[in-house]
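# Secondary and tertiary structure notes
Each chain, written out:
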Amino acid sequence: MIHLPVAVTNLAEALDLARTLARSLASTPQVDLGGTTVSAEDAQHVRHWVFCDRIMPDRRRCAREADHAGACLPNDGP
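Now for a look at the structure at hand. Small disclaimer: the values here were computed from a predicted structure and weren't measured.

### Observations regarding the overall build of the protein chain
The secondary structure content of the protein chain amounts to one helix and two strands. Put simply, the protein chain runs from its N terminus to its C terminus through helices and strands in the order α-β-β. Relative to the compact-globule value of 12 Å for 78 residues, the protein chain shows a C-alpha radius of gyration of 13 Å, a close match. For the C-alpha atoms alone, the extent of the protein chain along its principal axes is close to 40 × 30 × 20 Å. For the protein chain, the residues scored as buried account for 22% of the 78 residues in total. Considering only contacts in the protein chain between residues 6 or more positions apart, those separated by 24 or more positions represent 20%. Only carbon and sulfur atoms are counted for the fraction: they give 55% of the accessible area of the protein chain, which is about 5900 Å². Taking the average place of the 8 positive charges on the side chains of the protein chain and the average place of its 10 negative ones, the gap between the two points comes to 8 Å.

### Quick look at the environment of Arg19
Take Arg19: it is sitting in helix H1 (residues 11–24). Between the C-alpha atom of Arg19 and that of Leu33, which follows or precedes it by 14 residues, the distance is 8.6 Å.

### Focus: the pairing of strand S1 (residues 37–40)
In this sheet, strand S2 (residues 43–49) lies alongside S1 in antiparallel orientation, the contact comprising three bridges. Looking across to S2, one finds that Ala40 is bridged to Ala43. Counting the residues between successive antiparallel strands, the hairpin from S1 to S2 contains two residues.

### Considerations on the side chain of Arg19
By relative accessible area, which is 11% here, Arg19 ends up buried. The residues touching Arg19, leaving out its near neighbours within four places in the chain, are Val50, Phe51 and Glu65.

### Looking at the pattern of salt bridges
Counting across every chain of the model gives one salt bridge. Residue Glu65 is joined to Arg19 by a salt bridge in which the shortest nitrogen-to-oxygen separation is 3.5 Å. Here Arg19 lies in helix H1 and Glu65 lies in the segment after S2, a separation of 46 residues in the sequence.

### With respect to the nonpolar core
Counting nine residues, the largest nonpolar core consists of Ala14, Leu15, Ala18, Ala22, Ala26, Leu33, Val38, Val50 and Phe51. Element by element, the count of residues in this core is highest for H1, at four residues. Excluding residues that lie within four positions of it along the chain, Phe51 makes contacts with Arg19, Ala22, Arg23, Leu33, Thr36, Arg64, Glu65 and Ala66.

### Quick notes on the environment of Leu33
Summarising the element assignment, Leu33 is placed in the loop between H1 and S1. Looking at Leu33, the relative accessible area reads 16%, which means it is buried. The sequence separation of Leu33 and Val8 amounts to 25 residues, and the corresponding C-alpha distance is 21 Å. Discounting chain neighbours no more than four positions away, the residues touching Leu33 are Ala22, Arg23, Ala26 and Phe51.

Scoring rules and cut-offs
Residues numbered from 1 in each chain as written. Predicted model: local features only at pLDDT ≥ 70, side-chain atom pairs only at ≥ 80, totals over all residues. Heavy atoms only, no water. Helix = DSSP H or I, 4+ residues; strand = E, 2+ residues; numbered from the N terminus. Rg over C-alpha atoms; globule rule 2.2 N^0.38 Å. Buried < 20%, exposed > 50% of the residue type's maximum accessible area, 1.4 Å probe, protein only. Contact = heavy atoms within 4.5 Å. Areas by Shrake-Rupley, 256 points an atom, 1.4 Å probe, with all protein chains shown as cover. Lys, Arg positive; Asp, Glu negative; His and termini not counted. Charge placed at Lys NZ, Arg CZ, Asp CG, Glu CD. Pairing = 2+ DSSP bridges. Salt bridge = Lys/Arg side-chain N within 4 Å of Asp/Glu carboxyl O. Core = buried A, V, L, I, M, F, W, Y, C linked by side-chain atoms within 4.5 Å.

Encoded structure:
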């Protein structure tokens, strides 16, 4: 677990930054994108999921954002 404090003004910005950072590290085998969450510094027990994390029939994870509308899409990345 790595905690990386960042300065953003709202949850939407935090989720966007987390998606960007996670995807930039996707080729690193130690990183599990599906487990990415964000939380406020003073409420670290309240976590917001960044990615859907649903397992697709081919055993890959859904590539879409958490709480997305519509069908899941397979993650074609590493």
